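Listed here are the chains, written in short residue letters.
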Amino acid sequence: MAKKRKILVLHGPNLNLLGKRQPEIYGRLTLEQINRRILALARELGVEVEIRQSNSEGELVDWIQQAPKKFAALVINAAAYTHSSVALRDALTAAGIPAIEVHLSNIYKREEFRKRSLIAEAVVGQITGFGVSSYLLGLRAAVEAL
Ligand code: DQA
């Protein structure tokens, strides 16, 4: 598929633990189940999606830097790095392709430190609080941005 129909979905730290990790906040779906839903929607929308997860900030930075070569847009749940990473923000700004920020939980209804997203100014927009649907809405937004 041509680069202009390819979208990269990135999951940040601890999202590999979904299903067992604070299910009252993040739900009971595992990362694999979430990924299957993303891939099903991608087929419906006629786009190709590649999905990666990393617990390492540097690896996420590398993937964002490389993204423009292969992808036209990206969807990112930067997880805890949302609130701390100037490096991810800078990488998103430098990449220059549309990025959509997503969160399973509503980061504005939780602890004070979660209310600040350092990446928010580097993305097209943010979808927060809709569980797995945050990713699906994020994918739709990324397709709109193509
Ligand atoms: C999260 C919210 C973050 O504050 C948290 O550190 C996460 C997940 C979410 O999807 O709700 O790991 O990004």
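Structural notes, computed from the coordinates. (Residues numbered from 1 in each chain as written. Predicted model: local features only at pLDDT ≥ 70, side-chain atom pairs only at ≥ 80, totals over all residues. Heavy atoms only, no water.)

**Points about the site of the ligand**
Piece 1. Around the ligand, the structure places R21, Y26, N77, A79, A80, H83, H103, L104, S105, I107, R110 and R114.
Piece 2. Within the side chain of H103, an N or O atom sits 2.8 Å from an oxygen atom of the ligand.
Piece 3. Coverage of the ligand by the protein amounts to 99% of the 330 Å² it exposes when considered alone.
Piece 4. Among the residues making up the shell around the ligand, the classes are represented as 5 nonpolar, 4 polar and 3 charged. (Near = heavy atom within 4 Å. Polar contact = N/O pair within 3.5 Å; in protein donor to acceptor, adjacent residues only side chain to side chain. Areas by Shrake-Rupley, 256 points an atom, 1.4 Å probe, with all protein chains shown as cover. Nonpolar A, V, L, I, M, F, W, Y, C, P; charged D, E, K, R; others polar.)

**Notes on the side chain of R52**
Piece 1. Looking at the secondary structure, you find R52 in strand β2 (residues 48-53).
Piece 2. Residue class for R52 comes out buried when judged on its relative accessible area of 19%.
Piece 3. Setting aside residues up to four positions removed in sequence, R52 forms contacts with L8, V9, L10, H11, W63, K70 and F71. (Helix = DSSP H or I, 4+ residues; strand = E, 2+ residues; numbered from the N terminus. Buried < 20%, exposed > 50% of the residue type's maximum accessible area, 1.4 Å probe, protein only. Contact = heavy atoms within 4.5 Å.)

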